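# Notes for the structure review
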Amino acid sequence: FLKDNPRWEIRAKAADILARFRNNGVPEALMDAALNDLNLNVVQNALRAFQLLTGYRGSQTLDPQEAAAWWAGHQQEFYQTLSNSSALDTQPKSF
């Protein structure tokens, strides 16, 4: 729903919902939406969900490039915390 739904409202809501899922592939799906979606509402929701999920705290501007750079340096740390969790879903997901 986040990537392929033609309605921006559905994509924006999907980003909100994904903030609750600490699974492999979720941060990447949110980052992909933040970097590539043409609708500003979707970008905003994807970045907010990414922040809630990963702990990223960027500048006050809506800057997906800044978040992507942060993710490149913190991805391993995030997945290490997942591997220590008993609720880890190790299969990559398609969102």
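First, a word on what this report is: a plain description of the structure on this page. (Residues numbered from 1 in each chain as written. Predicted model: local features only at pLDDT ≥ 70, side-chain atom pairs only at ≥ 80, totals over all residues. Heavy atoms only, no water.)

### Observations regarding helix α3 (residues 40-54)
To keep it simple, the criterion reads: Helix and strand assignments follow DSSP, with helices taken as H or I runs no shorter than four residues and strands as E runs no shorter than two, numbered in order from the N terminus. In this analysis, the expected span of each helix is defined as 1.5 Å times one less than the number of residues it contains. Under the scheme applied here, a residue whose accessible area is under 20% of the maximum for its type counts as buried, over 50% as exposed, and between as partly exposed, the area being computed with a 1.4 Å probe on protein chains only. Should any heavy atoms of two residues lie within 4.5 Å, those residues are considered in contact. Counted as a polar contact is a pair of N or O atoms within 3.5 Å, where, for protein atoms, one must be capable of donating a hydrogen and the other of accepting one, and residues adjacent in sequence contribute only when both atoms are in side chains.
Relative to the 21 Å expected for 15 residues at 1.5 Å per residue, α3 spans 21 Å between its end C-alpha atoms, a close match to the ideal helical length. Among the residues of α3, Val 42, Val 43, Asn 45, Ala 46, Leu 47, Ala 49, Phe 50, Leu 53 and Thr 54 are the ones counted as buried. Buried residues along α3 sit against α1 (8-18), α2 (26-36) and α4 (64-83). Its side-chain oxygen placed 2.8 Å from the backbone nitrogen of Asn 41, Asn 39 serves as the N-cap of α3. At the exit of α3 stands Gly 55, carrying a positive phi of roughly 90 degrees.

### Things to note about the packing of α3 against α4
Worth spelling out the cut-off: For helices, the fitted axis covers only the stretch in contact; all axes are lines through C-alpha atoms, and the angles between them, taken along N-to-C directions, range from 0 to 180 degrees. Angle categories are assigned with fixed cut-offs, so that under 35 degrees is roughly parallel, over 145 is roughly antiparallel, 65 to 115 is roughly perpendicular, and the rest are oblique. For a crossing to be left-handed, the near helix must be turned anticlockwise from the far one by less than a right angle; the clockwise case is right-handed. Polar here means any residue other than Ala, Val, Leu, Ile, Met, Phe, Trp, Tyr, Cys and Pro, which are nonpolar, and Asp, Glu, Lys and Arg, which are charged; Gly is therefore polar.
Between α3 and α4, whose axes approach to 12 Å, the crossing angle comes to 25 degrees. On the basis of the axis angle, α3 is roughly parallel to α4. In this structure, the crossing between α3 and α4 has a hand that is left-handed. Contacts from Val 43, Leu 47, Phe 50, Leu 53 and Thr 54 in α3 reach Pro 64, Ala 67, Trp 70, Trp 71 and Phe 78 in α4. Residue classes in the contact of α3 with α4 are distributed as nine nonpolar, one polar and no charged.

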